[in-house]
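# A look at the structure
For reference, the chains in residue letters:
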Amino acid sequence: MPPNDIKIDARDWSLLAVLSILWGGSFFFNGAALRELPPLTLVLLRVALGAAMLLPLLRLQGINFPKGVRGWKPFFAIGLLNNVIPFSLIVIGQTFIPSGLASILNATTPLFTVLVMAAAGEEALQARRVAGVALGLAGVVILRGWGIETRTAQGLGILLCLGGALSYGFAALAARRLLKDSPPLGTATFQLMASTVMMAVVAGAAEQPWRLPIPGVLTWLAVLGLAALSTALAYIVFFQIIRRSGASNVMLVTLLIPVTAILLGWLVLGEPISAREIAGAIVIASALIVIDGRALRMLQRVA
């Protein structure tokens, strides 16, 4: 079994921080848009507009479209596991639970990814990584506060969000196996195009979007932010990190998302930061150090 020890350099740590901001915004955008749009229609708009925004860049880069059914097959598989299933489950889950709790549940993605990779024989199940991810989850819970009620509806929302996190784990495995040589821009665009086709069928059958009233300006701004920032740009960064540092490492971004959300609230909105949030951020930082491994090895050499 190959080792799960691909190093994350300073550039990729920076990209992970950027990605955490882009994906962290998706919970806010979802919460705003769900006031006027049903969940599956929102996902359809997200992937369709995201793909449309990337197509001109694809032409400028001279990247060709996949050829035939065989060429498109990997992108439909990635689109299903990375977009259609998790986006739908998480957005539907957010109709039952708050965005903050959804972001906590989304932070289980690295744990699922490590387990999926080990079960598939792609990466070794290292105790250090499992311990680091578990420590990171504890930090996220401290940071955001758990606050789970016993209502049945909230239990359903929790299960849906966990299902989305598990799907991301399988998506990382599929991306590693199927898209090794695909450029990040091409991968991002083609998976979103494939997802648009699948979501058009699902949303069309379940919600009939053409019958819905036209949403307001604020909803459209949330949809555009979701498509441009949290989807189109985010997936270019995502697949760039996956090529450089591996599938398990890129999923560490979900541990950073709650931290960046709180920091943005402090910097942009002037929201206060509590001692609990500082403690949670310190625990998450410690978890990332454990997962990275280099600081621990330096300490061992000094000792």
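All of the points below concern the structure found in this document. The model shown is predicted, which means the values in this text are computed figures rather than measured ones.

### Topic: the overall build of the protein chain
- What the protein chain contains, in helices and strands, is 13 helices and zero strands.
- Tracing the protein chain from N to C terminus, the helices and strands come up as α-α-α-α-α-α-α-α-α-α-α-α-α.
- The proportion of buried residues among the 303 residues of the protein chain is 50%.
- Across the protein chain, the fraction of contacts at a sequence separation of at least 24, relative to all contacts at a separation of at least 6, is 90%.
- Split by element, the accessible area of the protein chain, about 13800 Å² in all, is 70% carbon and sulfur.

### Structural notes on helix 2 (residues 39-61)
- Between its first and last C-alpha atoms helix 2 spans 33 Å; for 23 residues at 1.5 Å apiece the expected length is 33 Å, and the two agree.
- Where helix 2 bends most, the angle comes to about 30°, and this point is Leu55, followed within four residues by the proline Pro56.
- Residues of helix 2 that are buried include every one of Pro39, Leu40, Thr41, Leu42, Val43, Leu44, Arg46, Val47, Gly50, Ala51, Leu54 and Leu58, and no others.
- Buried residues along helix 2 sit against helix 1 (10-33), helix 3 (68-93), helix 8 (184-206) and helix 9 (217-245).
- Count one or two residues on from helix 2 and you reach Gly62, which has phi positive near 70°.

### Observations concerning the packing of helix 2 against helix 8
- Two elements in contact, helix 2 and helix 8, have axes whose closest approach is 8 Å; the angle formed by their N-to-C orientations is 150°. Judged by the inter-axis angle, helix 2 sits roughly antiparallel to helix 8. Our pair here, helix 2 against helix 8, has a crossing hand that is left-handed.
- Taken together, the residues of the contact of helix 2 with helix 8 break down into 20 nonpolar, seven polar and no charged.

### Some thoughts on the nonpolar core
- The biggest cluster of nonpolar side chains holds 72 residues, and the ones touching the most others in it are Leu19, Trp23, Leu42, Tyr235, Phe238 and Leu255.
- When residues of this core are assigned to their parent elements, the largest contribution, 11 residues, is made by helix 9.
- The contacts of Leu42, once residues within four sequence positions are left out, are Asn30, Ala33, Leu34, Leu37, Val91, Val223 and Leu226.

### Thoughts on the side chain of Gln94
- With respect to the element layout, Gln94 can be found in the loop between helix 3 and helix 4 (99-106).
- What makes Gln94 buried here is its relative accessible area of 10%.
- Discounting residues that sit within four places of it in the chain, Gln94 has contacts with Phe27, Asn30, Gly31, Leu34, Ser99 and Ala102.

### So, the side chain of Thr219
- Examined against the element boundaries, Thr219 turns out to sit in helix 9.
- With residues up to four places along the chain from it excluded, the contact list for Thr219 reads Ala32, Ala33, Glu36 and Leu37.

### Quick notes on the environment of Leu156
- Summarising the element assignment, Leu156 is placed in helix 7 (residues 152-178).
- Taking the C-alpha atoms as reference, Leu156 lies 9.7 Å from Ile92; in sequence the two are 64 residues apart.

### Description of the environment of Trp23
- Within the secondary structure, Trp23 sits in helix 1.
- As a C-alpha pair, Trp23 and Ser230 span 207 residues in sequence and 5.0 Å in three-dimensional space.

### Points about the packing of helix 2 against helix 9
- One can describe the packing of helix 2 onto helix 9 by two numbers: an axis separation of 8 Å at closest approach and a directional angle of 55°. Classed by the angle they form, the pair helix 2 and helix 9 counts as oblique. Here the hand of the crossing between helix 2 and helix 9 comes out right-handed. Only Trp220, Val223, Leu224, Leu226, Ala227, Ala228, Ser230, Thr231, Ala232 and Ile236 of helix 9 make contact with helix 2, whose side of the interface consists of Leu42, Leu45, Arg46, Leu49, Gly50, Met53 and Leu54.

### Some thoughts on a nonpolar patch on the surface
- A contiguous nonpolar surface patch, about 580 Å² in accessible area, is contributed by Leu263, Trp266, Leu267, Ile273, Ile278 and Ile282.
- Counting residues per element, the ones that place at least two in the nonpolar patch are helix 11 (253-269) and helix 12 (275-292).
- It is helix 11 that contributes the most residues to the nonpolar patch, three residues altogether.
- Tracing the backbone shows Ile282 in helix 12.

### Regarding the packing of aromatic side chains
- Counted under the stated rule, the structure contains 13 aromatic pairs.
- Here the aromatic rings of Trp23 and Tyr235 are separated by 5.8 Å at their centres, their planes lie at 75°, and the arrangement is edge-to-face. Of this pair, Trp23 sits in helix 1 while Tyr235 is found in helix 9, placing the two residues 212 residues apart along the sequence.
- When its relative accessible area of 0% is taken as the criterion, Tyr235 is described as buried.
- Ring plane angle 45° and centroid distance 6.4 Å describe the contact between Phe65 and Trp72, whose orientation is recorded as tilted.
- Phe65 sits in the partly exposed class, given a relative accessible area of 42%.
- Linked through ring pairs, Trp23, Phe87, Tyr168, Tyr235, Phe238 and Phe239 together constitute an aromatic cluster.
- We note Arg46 situated over the ring of Phe87; from NZ or CZ to the ring centre the distance is 3.8 Å.

Criteria and cut-off values
- Sequence order as written defines the numbering, with residues in each chain counted from 1.
- Selection of residues for local features in this predicted model requires a pLDDT of at least 70, selection of side-chain atom pairs for listing and counting requires 80 or more, and totals for whole chains, interfaces and linings are taken over all residues.
- The side-chain quantities take in all heavy atoms of the structure and omit both hydrogens and water.
- Runs of H or I in DSSP of at least four residues are treated as helices and runs of E of at least two as strands, each being numbered from the N terminus.
- Exposed residues in this analysis have more than 50% of their type's maximum accessible area, buried residues have under 20%, and partly exposed residues fall in between, with area computed by a 1.4 Å probe over protein chains only.
- Should any heavy atoms of two residues lie within 4.5 Å, those residues are counted as being in contact.
- For the accessible areas, the method is Shrake-Rupley and the probe is 1.4 Å, while residue cover comes only from the protein chains on display.
- Multiplying 1.5 Å by the residue count of a helix minus one yields the expected span of that helix.
- For a residue, the bend is simply the angle between two axes, fitted respectively to the seven-residue segment ending there and the seven-residue segment starting there.
- Every axis corresponds to a line fitted to the C-alpha atoms, with the helix fit spanning only the stretch in contact, and the corresponding angles, defined between N-to-C directions, vary from 0 to 180 degrees.
- For classification purposes, angles smaller than 35 degrees are called roughly parallel, those larger than 145 roughly antiparallel, those between 65 and 115 roughly perpendicular, and all remaining angles oblique.
- The crossing is said to be left-handed when, going from far helix to near helix, the turn is anticlockwise and less than a right angle, and right-handed when the turn is clockwise.
- Ten residues, namely Ala, Val, Leu, Ile, Met, Phe, Trp, Tyr, Cys and Pro, are considered nonpolar, four, namely Asp, Glu, Lys and Arg, are considered charged, and the remaining ones, Gly among them, are considered polar.
- Note on terminology: a nonpolar core comprises buried Ala, Val, Leu, Ile, Met, Phe, Trp, Tyr and Cys residues joined through side-chain atoms within 4.5 Å.
- Any residue with relative accessible area above 30% and no salt bridge may belong to a patch, with like charges joined within 9 Å and the nonpolar Val, Leu, Ile, Met, Phe, Trp and Tyr side chains within 5 Å.
- Think of a salt bridge as a Lys or Arg side-chain nitrogen and an Asp or Glu carboxyl oxygen that are within 4 Å of each other.
- Here is the rule: rings of Phe, Tyr and Trp (six-membered ring for Trp) pair when centre to centre is within 6.5 Å. Planes less than 30 degrees apart are stacked, more than 60 are edge-to-face, and the remainder are tilted.
- Charge-over-ring placement is defined geometrically: NZ (Lys) or CZ (Arg) within 6 Å of the ring centre, and within 35 degrees of the ring normal.

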